[in-house]
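Residues per chain are reported as follows:
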Amino acid sequence: MGEASVVPAAPAAGAADAAIRIEGLGIRFRRNRRGRRSFKDLLAGRKRRTRPGEFWALRDVNAVVRPGEAIGVVGRNGQGKSTLLKLVAGVMIPDEGSVQITDGVAPLIEITGGFVDDLTVRDNVYLTAGLHGMSRAQIDAKFDEIVGFAEIPDFVDTPYKHLSSGMKVRIAFAVISQLEEPIMLVDEVLAVGDKAFREKCYARIEEMLAGGRTLFFVSHNERDLRRFCTRGLYLDGGRLVLDGPIGDVLDRYNADHGLLK
Ligand SMILES: Nc1ncnc2c1ncn2[C@@H]1O[C@H](COP(=O)(O)OP(=O)(O)OP(=O)(O)O)[C@@H](O)[C@H]1O
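Under the annotation held in an unreviewed UniProt entry, the protein chain carries the name ABC transporter ATP-binding protein and is attributed to Agromyces larvae. As recorded by UniProt, the Sequence similarities (unreviewed entry) comment attached to the protein chain reads in full: "Belongs to the ABC transporter superfamily."

Here is the structure:
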C-alpha cells in the first residue's frame, strides 16, 4: 500500500516542534543468511540492488512525532514494529530514508539487549546509565531506588546472565525509568514481567507521560494501547497503513485481523 493511504493524525509538525521525524524509512533483511549486510554491501550503500532472498521489513514509512505524544505501534507478528523501534533507537541503520531525533532516547529494547551477561547487575546499571549520560554521582544517588524499583536487592552482585527473564526486564525498566531522556521506547519485553510488576511499570510510564515524555509503545494488548497512547501507527507488510487516533487505528486493525485481547 502506498503513502496515499496514510492518514496523518494531525497537521505535520514543523522542524522545531518534532521530537522524531521519520522520512521515507526503509530497511531490508536477508531471509536465508546470517547477519544482514556485508561490509561490501555497506560501502555500496543506497545503490545496492535488492538481491534474491532479501525483503523490505519496512518501507516508505513517514511520520512526525511531537514532544509529549504517546504513540502505539500496532500490527501482526513480523510486520516491522520492533524494527521501527530499533531504527528510532539508532541500534539499526536504515537502507533508505532517515530518522531524525531532536532529543535523547531511552530504549527498553536496547537496554535489555545491551546488558553484559558476565557483569553483575550493579556494574550493568552503572554501565548503561552511564552510557545514557548519568554521572557516577547521579547513579550513586539513584542506585538504591533503581534496585528497589526492580525489587531484586539480593541480586545486585549476581552476574546478569543468572537472572530470570522477568528479573532482567525489571532491572532494565528500572534503569530506563530513571534516565532523563525525553523519549521512551517500550516494547513487548515488558510483558515478561509479572502482573504486579507490570502494573508498577505502567504507573511509572503514566507519571513519565504526565511529565512530558514522548512514548513509542509496541503492544498486542488493546487495553494497554488505549491506556497510554493517543495516536497509533499501524504497520502491515512493513508499510505504514494507518497513522491516526489510537481508537481509529485499533478499530481498523480489529476489522482487518480480528480483535486484539
Ligand atoms: N536482524 C534481522 N535479520 C533478518 N530479519 C530480521 C531481523 N530483524 C527482523 N527481521 C525480520 O523482519 C520482519 C519484521 O520483524 P519485527 O521484529 O520488526 O516484527 P514485529 O512486528 O515486531 O513482530 P512481533 O509482533 O512478532 O514482535 C520479520 O520478518 C523478521 O523476521
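Alright, that's what it looks like, and here's the rest.
### Observations regarding the overall build of the protein chain
If you tally the helices and strands in the protein chain, you get nine helices and nine strands. Each of the 261 residues in the protein chain was classed as buried or not, and the buried ones make up 48%. For the protein chain, contacts bridging at least 24 residues in sequence account for 71% of all contacts bridging at least 6. Accessible surface computed for the protein chain: about 12500 Å², of which carbon and sulfur atoms make up 51%.

### As for the site of the ligand
Surrounding the ligand, one finds 14 residues, the nearest of these being Gly-78, Lys-81, Ser-82, Thr-83 and His-220. Take Gly-80: an N or O atom from its main chain is 3.0 Å from an oxygen atom of the ligand. A distance of 2.7 Å is found between an oxygen atom of the ligand and a side-chain nitrogen or oxygen belonging to Lys-81. Coverage of the ligand by the protein amounts to 65% of the 640 Å² it exposes when considered alone. Tallying contributions element by element places helix α2 (residues 81-89) first for the shell around the ligand, with three residues. When grouped by side-chain class, the residues that make up the shell around the ligand number four nonpolar, seven polar and three charged.

### Description of the nonpolar core
Formed by 50 residues in total, the largest nonpolar core has its most connected members in Ile-171, Leu-190, Ile-205 and Leu-215. Here this core takes eight residues from helix α6 (residues 165-176), the largest share from any one element. For Leu-215, the contacting residues outside a window of four places in its chain are Glu-69, Ala-70, Ile-71, Met-184, Val-186, Ile-205, Leu-209 and Phe-228. Among the nonpolar cores identified, the runner-up in size contains 27 residues, and Leu-25, Ala-57, Ala-63 and Leu-185 belong to it.

Calculation notes
- Residues numbered from 1 in each chain as written.
- Predicted model: local features only at pLDDT ≥ 70, side-chain atom pairs only at ≥ 80, totals over all residues.
- Heavy atoms only, no water.
- UniProt positions renumbered as here; feature names shortened; annotations may be inferred.
- Helix = DSSP H or I, 4+ residues; strand = E, 2+ residues; numbered from the N terminus.
- Buried < 20%, exposed > 50% of the residue type's maximum accessible area, 1.4 Å probe, protein only.
- Contact = heavy atoms within 4.5 Å.
- Areas by Shrake-Rupley, 256 points an atom, 1.4 Å probe, with all protein chains shown as cover.
- Near = heavy atom within 4 Å.
- Polar contact = N/O pair within 3.5 Å; in protein donor to acceptor, adjacent residues only side chain to side chain.
- Nonpolar A, V, L, I, M, F, W, Y, C, P; charged D, E, K, R; others polar.
- Core = buried A, V, L, I, M, F, W, Y, C linked by side-chain atoms within 4.5 Å.

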